[in-house]
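# Inside the fold
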Amino acid sequence: MGSGLTRRKHEGTLTAKVKGLENLAISLQQKVDELESEKTQLASRVKSLENMVPDAVDAVAMRLRLEELTRNGFGESPAHRAGPMHFSVLQYNILAGYLGDNCMPWFLYGAKISPALRKDVLALYGARGADGRVLNPGWPRYVSGGAFVAIAAVSNSEDLNGGIVVKTRSPHALHNGDQIRLSGLPKGVVEPFVHAAWVVDDVTIELPLVCTVETEPRTEDLSEAVIVREDGLLPSEAIAAVESRNAVFSWASRRQRILETVLKHRADILSLVELDDYEGFFKGELSAKGYDSVYRKRPREVSRDGCGIFWRRSQFKLKAYEGLEFDDGRDAKQRVVKDRTCVIALLQSVQETGPPLVVISTHLARNPEDSAMTKLRARQLAQLVHALTQFCDAQHVPQSSPVVLMGDFNAQHFGEIRGIARAVFQVHGKPAHSFLWNAVDVPSGFTSGTDCRKVRIDIVMYQPTLLQLIDVSTLPDLSLTGPIPNLEHPSDHLPVRCEFQIKGDHKRLRHVAKNWLDCIAGKMRLVPLSDDELLEAFNLFDRSNSGWVSPADLEECLADLDFDVSDGFVERVFGLGSLQSGGAGLTEDGFVEAYKSCLTHHRLRCQDDLERAFRFFDVNSNGELTLEELKRSLQEVSPIEYDFNSLEQLMARGGGKLTCAEFCDAIARLSIGGGESYRRKLNLVCRSPVPGVLTRRSSA
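Residues numbered from 1 in each chain as written. Predicted model: local features only at pLDDT ≥ 70, side-chain atom pairs only at ≥ 80, totals over all residues. Heavy atoms only, no water.

### A few points about the sheet that holds strand 11 (residues 306-312)
What counts here: Any two strands are treated as partners once DSSP identifies two or more bridges connecting them. For the purposes of this entry, the term helix denotes a DSSP run of H or I that reaches at least four residues, the term strand denotes a run of E that reaches at least two, and both are numbered from the N terminus. Angles shown run from 0 to 180 degrees and are taken between the N-to-C directions of axes, each axis being a line fitted to C-alpha atoms and, for helices, limited to the stretch in contact. Throughout, a residue-residue contact means that at least one pair of heavy atoms, one from each residue, lies within 4.5 Å.
Taken in spatial order, the six strands of this open sheet run 10-11-9-1-21-20, and their pairing is mixed. Two strands in the sheet have a free side with no partner beyond their single neighbour: strand 10 (291-297) and strand 20 (467-472). Within the sheet, the average angular offset between the axes of one strand and its neighbour, ignoring direction, is 20 degrees. Taken together, the seven bridges between strand 10 and strand 11 define a ladder with antiparallel strand orientation. Bridge pairing in strand 11 links Lys 297 to Gly 306. Helix 5 (residues 251-265) contacts strand 1 (86-93), strand 9 (269-275), strand 10 and strand 21 (496-502) of the sheet and is inclined by roughly 160 degrees relative to strand 1. Strands strand 9, strand 10 and strand 11 of the sheet are contacted by helix 6 (residues 278-288), whose axis makes an angle of about 160 degrees with strand 10.

What follows is the structure, encoded as structure tokens:
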């Protein structure tokens, strides 16, 4: 009995200890929960402080700038509150959320895809039936099998033994030994499956029963068929590898990393292209960080992205903006095809000092590796220049206002489409903004890198006569980063950041004057001066405002500009152009004549652009450009109607044909000072200049 009491007493003690331990565990868990809650609150607070830092830095920088201006006595009037304006820009193709998927044929990271296999994949991905229906919708259909349209016919030749001739529209889709299934074939063809030993010659594919293709099937025997691959392009392990790499493409996390990347660069003006989720995310998030914005969606209903321009509201305010949908021509049913867009914004500094700034954001036609798309991109750029000219006309923007063009040009050679656009306007004589001729692109490294390409296709273009390039961000080496996007880079493009300073009037005029002297002295390649810039240069050289430039005026300017010249330079200048009556000085007409006589296409910075444009127009690549070649190309790329009588007169000067040098020289001369006198020599029609451009005054 005693032992039983002892046992019960011991059990009671153990029960009490267990209960105590349970209470202690509950207490510890509550403490852990409290610590986790505090940790979450602290993390949220840290994130909030991190987000406040850029705004706080901006506020401090603005306050310090205002204090500096006040100390220096620039508080009297708005015109003297700041010196030449500095600003920074960022161009970034963010890879739209709906396009960012590793299962898209242009990615497929994780699978080893050769260039030949990539062509096959793209062929099956893009295959459509006669009704326009996508034949291989969705992943992994187009890599695990796949269908494409072909033209098939039963041969009537006894030699062909009743075989089938198949012509496919997708030449890369089939290879020797591929197993296929045929459907929709002509009557009499009963074999549902064929294991084929294919012979592929461009677009003609022969089934095993066909021994030769010397005899073409009759037209009435042709019918459309669908060929279905039974074996896949990628094995199951490659498909699994692709799917395992898709997490880095997740839009939920990627859009936040894109936002962080944009804010990290602290740019004053942003151009974001391939931009979707504008209303739902980027507009609000960037507005909270001090940016206002405008946006233009692509016109196709299925394309959910577009182009956006964002600017710091503390530095700029919007005066006007306009969107443009590019006209890409007509389809088979003569319907207008529109796919790409751009947006133009006119920004003014909040202090209203200095000229307004024109900013353009665009995204041109895809596939930079496809030279056939050059024609479409050139057509789009020509429309952009036309829209810029009309926009600046309507808004009364002076030519002294800088233009910055940013975007994804999708072109391996920016100069080629620039040269084509320049030729489009210069041959016609249609007014075009001076940006067409005096813009250059900011140097950068490769801006996009995937498994199948490493290219420089993102661009920032500016006018060196109006803007000074202060800095360009260094881009990461894509050969070291591997294909992007990845955990570090949230897009398949890299952002390009630049800093500019708007040139003050005196600095800009000195640049124009040195351009004139460089041309005469033959020192360097140049951006051609516009009509108003030639007038400004003449006025700067005419020190005494006499209506002509005397030898003393010229020598004074040479000394002021610290411009070194050889002996006899002044005498040579006065032998190049018309002199004032009595020979006392160089008239304005003579001043322009001297410039024109020295500026051939060999002296232009855009010489390579024009030579590439010539090769584009020279369809048969024989080194000579005929009227028919030029007509056909201009009709395909020009957004404006042509007077082909004028074009014939231009071509007649070369005997009906133009060599590359003759073509480039003609276009170059048409660019100088508006090209009015050269057009008069050619009897070309020249429209009135763009409003806002200074007209040349009468010479004394």
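Moving on from the coordinates now.
### Some thoughts on the side chain of Asp 609
One can find Asp 609 in helix 16 (residues 607-617). Contacts of Asp 609, omitting those with residues within four sequence positions, involve Gly 415, Arg 418, Gly 419 and Arg 422.

### Digging into the environment of Leu 318
Topologically, Leu 318 is positioned in strand 12 (residues 316-325). When the C-alpha atoms of Leu 318 and Val 350 are compared, they prove to be 9.3 Å apart, with 32 residues separating the residues in sequence. Excluding its chain neighbours within four sequence positions, the residues that come into contact with Leu 318 are Val 294, Trp 311, Ala 345, Leu 346 and Leu 347.

### Let's talk about a nonpolar patch on the surface
Heads up, the condition is: A patch is a set of surface residues, each over 30% in relative accessible area and not in a salt bridge, joined within 9 Å for like charges and within 5 Å for the nonpolar side chains Val, Leu, Ile, Met, Phe, Trp and Tyr. Each accessible area value is a Shrake-Rupley result obtained with a 1.4 Å probe; residue values ignore everything except the protein chains displayed when judging cover. We define a salt bridge as a side-chain nitrogen of Lys or Arg found within 4 Å of a carboxyl oxygen belonging to Asp or Glu. Here the term buried applies to any residue with accessible area under 20% of the maximum for its type, exposed to any over 50%, and partly exposed to those in between, with areas from a 1.4 Å probe on protein chains only.
Together, Leu 21, Leu 24 and Leu 28 make up an exposed nonpolar region whose accessible area comes to about 310 Å². With respect to the helices and strands, Leu 24 occurs in helix 1 (residues 2-71). Given a relative accessible area of 47%, Leu 24 falls into the partly exposed group.

### A look at the packing of aromatic side chains
Basically, it comes down to this: Centre distance within 6.5 Å is the pairing criterion for rings of Phe, Tyr and Trp, where only the six-membered ring of Trp is used; planes under 30 degrees apart are then read as stacked, over 60 as edge-to-face, and the remainder as tilted. Each ring is checked for a lysine NZ or an arginine CZ that lies within 6 Å of its centre and within 35 degrees of its normal; such an atom marks a charge sitting over the ring.
By the definition in use, this model includes 21 aromatic pairs. The interplanar angle of 35 degrees and the centroid separation of 5.7 Å between the aromatic rings of Phe 87 and Phe 500 together place this pair among those described as tilted. Of this pair, Phe 87 sits in strand 1 while Phe 500 is found in strand 21, placing the two residues 413 residues apart along the sequence. For the pair Phe 87 and Phe 500, one class covers both residues: buried. Taken together, the ring pairs in this structure connect Phe 87, Phe 316, Tyr 462 and Phe 500 into an aromatic cluster. The cationic tip of Arg 422 hangs over the ring face of Trp 437; the distance from NZ or CZ to the ring centre is 5.5 Å.

### Quick look at the environment of His 433
Structurally, His 433 can be placed in the loop between helix 8 (414-428) and helix 9 (435-438). A C-alpha to C-alpha distance of 9.8 Å links His 433 and Val 403, two positions 30 residues apart in sequence. Not counting residues within four places of it along the chain, the set of residues in contact with His 433 comprises Leu 388, Thr 389, Cys 392, Gln 399, Val 403 and Gln 463.

### What about the pattern of salt bridges?
For the structure shown, the criterion picks out 26 salt bridges. For Lys 657, the salt bridge identified is with Glu 624, shortest N-O distance 3.6 Å. On the criterion of sequence distance, the pair formed by Lys 657 in strand 23 (residues 657-658) and Glu 624 in the loop between helix 16 and strand 22 (625-626) is long-range, its members being 33 residues apart. Residue class for Lys 657 comes out partly exposed when judged on its relative accessible area of 40%. Salt bridges sharing partners connect three or more residues here, namely Arg 298, Arg 300, Asp 305, Asp 339 and Arg 340.

### So, the confidence of the model for the protein
Heads up, the rule is: Values of pLDDT, which run from 0 to 100, indicate the predictor's confidence residue by residue.
Residues at a pLDDT of 70 or more form 72% of the protein, whose mean pLDDT is 78. Confidence over residues 185-223 falls short of pLDDT 50; this stretch has 90 contacts with residues more than four positions distant or in other chains. Contacts for the low-pLDDT stretch residues 673-700, under 50 throughout, to residues beyond four places or in other chains number 72 contacts.

### Quick word on the sheet that holds strand 12
If you trace the six strands from one edge of the open sheet to the other, you get 12-13-14-15-19-16, paired in mixed fashion. This sheet does not close on itself; its edge strands, each paired only once, are strand 12 and strand 16 (440-441). Lying over the sheet, helix 8 contacts strand 16 and strand 19 (458-462), oriented at roughly 50 degrees with respect to strand 19.

### Topic: helix 15 (residues 588-598)
A turn of α-helix holds 3.6 residues, and therefore any two residues three or four places apart point the same way. Counting buried residues in helix 15 gives eight out of eleven residues, a clear majority hidden from the surface. Within helix 15 the residues assigned to the buried category are Glu 588, Gly 590, Phe 591, Val 592, Ala 594, Tyr 595, Lys 596 and Cys 598.

### As for the pairing of strand 11
Burial within strand 11 is extensive, with seven of its seven residues counted as buried. Burial of strand 11 is two-sided: the residues Gly 306, Gly 308, Phe 310 and Arg 312 facing one way and the residues Cys 307, Ile 309 and Trp 311 facing the other way are all buried. The sheet contact formed by strand 9 and strand 11 spans six bridges and is antiparallel. Across the sheet, residue Leu 275 finds its bridge partner in strand 11, namely Gly 306.

### Looking at the packing of helix 5 against helix 6
To be explicit about the condition: Crossings are classed by handedness, with left-handed meaning an anticlockwise turn of the near helix from the far one by less than a right angle and right-handed meaning a clockwise turn. Residues were grouped as follows: Ala, Val, Leu, Ile, Met, Phe, Trp, Tyr, Cys and Pro as nonpolar; Asp, Glu, Lys and Arg as charged; and all remaining residues, including Gly, as polar.
The N-to-C vectors of helix 5 and helix 6 enclose an angle of 35 degrees; their axes lie 11 Å apart at closest approach. For the pair helix 5 and helix 6, the crossing hand works out as right-handed. Here Trp 251, Arg 255, Gln 256, Ile 258, Leu 259, Val 262 and Leu 263 of helix 5 lie close against helix 6, whose contacting residues are Phe 281, Phe 282, Glu 285 and Leu 286. In the contact of helix 5 with helix 6, the residues fall into eight nonpolar, one polar and two charged.

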